[in-house]
Amino acid sequence: DTAVSQTPKYLVTQMGNDKSIKCEQNLGHDTMYWYKQDSKKFLKIMFSYNNKELIINETVPNRFSPKSPDKAHLNLHINSLELGDSAVYFCASSQELVTEAFFGQGTRLTVV
Amino acid sequence: AQSVTQLGSHVSVSEGALVLLRCNYSSSVPPYLFWYVQYPNQGLQLLLKYTSAATLVKGINGFEAEFKKSETSFHLTKPSAHMSDAAEYFCAVSSNSGYALNFGKGTSLLVTP
């Protein structure tokens, strides 16, 4: 069983569209994250949720909205997609504080 | 804010040679430090972590790292490189809040025959 799974793995869409990326973890962790990896492979935290509560919301455009229906799921919805949103988005999870984070396989988003 | 700096965006070694990837941290409190590896088109996998126990940390695949407070360093080493070690390596530190990891810019390791 995959510990942290994201869908879809690849997403190609046009500018202006709205899209969602889903993430599920079966590790029983309390905290989930979204990271963005840009074309230079730099990884930056976007959001952190603990027990379904938003803990960290970095300077991310409000077109990005995370939703955590339960502790095992953290989805990312993106409105009005822009070219600059093209990147690889990683979901991750950990116990309450980050002693070790487990990452999903990533979703490569391409906006055309 | 807690941060890490990785020296060298690209490192090339010969198969069988020593691997040394450098990471320096900046932290106002005793840090939690991590090394992750990313193979092409895959997610990140934890190699090893330092959480204030032993200063010499052993990880998977023969990698180890030494926490040196006096040098604010956490360099990653492996005695003998394998072709399969070619990947992107990231050093990371836990954030002030403890609810995120702050990553370095990564070092791409190339292993030549």
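These lines cover the structure that appears in this document, whether it is placed above or below. (Residues numbered from 1 in each chain as written. Chains lettered and ligands numbered in written order. Predicted model: local features only at pLDDT ≥ 70, side-chain atom pairs only at ≥ 80, totals over all residues. Heavy atoms only, no water.)

### A closer look at the layout of surface pockets
Test applied: Here a cavity denotes grid points, spaced 1 Å and computed from the protein atoms alone, that fit a 1.4 Å probe unable to get out, and a pocket denotes an open set having protein on both sides within 12 Å along at least 5 of 7 lines; residues with an atom within 4 Å of a point are the lining. Grid points are joined across faces, edges and corners, and a volume is the space filled by probe spheres set on the points. The secondary structure listing takes helices from DSSP runs of H or I that are at least 4 residues long and strands from runs of E that are at least 2 residues long, numbered from the N terminus.
The calculated volume of the largest pocket comes to roughly 310 Å³. A:Gln37, A:Lys41, A:Val88, A:Arg108 and B:Asn41 are, among the 21 residues lining the largest pocket, the residues nearest its centre. Breaking the lining of the largest pocket down by element, the ones donating at least two residues are β9 (87–94) and β11 (107–111) of chain A. Per-element accounting of the lining of the largest pocket gives the leading share, 4 residues, to β11(A).

### Remarks on the pattern of salt bridges
Where charged atoms from two side chains of opposite charge approach closely, those side chains can pair. All names here are of chain A. Basically, it comes down to this: By definition, a salt bridge exists where a carboxyl oxygen of Asp or Glu is found within 4 Å of a side-chain nitrogen of Lys or Arg. Relative accessible area decides the class of each residue, using a 1.4 Å probe on protein chains only: under 20% of the type maximum gives buried, over 50% gives exposed, and in between gives partly exposed.
The full count for this structure, using the stated rule, is 7 salt bridges over all chains. In this structure, Arg63 and Glu82 form a salt bridge, with 3.5 Å as the shortest nitrogen-oxygen distance. Taken as a pair, Arg63 in the loop between β6 (53–57) and β7 (64–70) and Glu82 in the loop between β8 (73–78) and β9 lie far apart in primary sequence, 19 residues in all. The exposure class of Glu82 is partly exposed, given its relative accessible area of 41%.

### With respect to the sheet that holds β8(A)
Think of a sheet as strands paired side by side through backbone hydrogen bonds, with each pair either parallel or antiparallel. All names here are of chain A. Note the following rule: Strands pair, by our definition, only if DSSP identifies at least two bridges between them. All axes are obtained by fitting lines to C-alpha atoms, using only the stretch in contact for helices, and the reported angles, taken between N-to-C directions, cover 0 to 180 degrees.
Taken together, 4 strands build an open sheet; the order of strands is β1-β3-β8-β7 and the sheet is antiparallel. Since the sheet does not close on itself, it has two edges, and those belong to β1 (4–7) and β7, each with one partner. Sheet twist, expressed as the mean angle between neighbouring strand axes with direction ignored, is 20°. Both β7 and β8 contribute to a ladder of 5 bridges, which runs antiparallel. What sits directly across from Ser65, in β8, is His77.

### What about the pairing of strand β5 (residues 44–50) of chain B?
Residues and elements named next belong to chain B. Along β5, 5 of the 7 residues are buried, which leaves the element largely enclosed by surrounding structure. Note that strand β4 (residues 33–38) and β5 share 6 bridges and pair antiparallel. What sits directly across from Tyr36, in β5, is Leu46. Hairpin connection, β4 to β5: the antiparallel pair is bridged by 5 residues, and Asn41 has positive phi, about 60°.

By themselves, these observations are geometric and do not establish any function.
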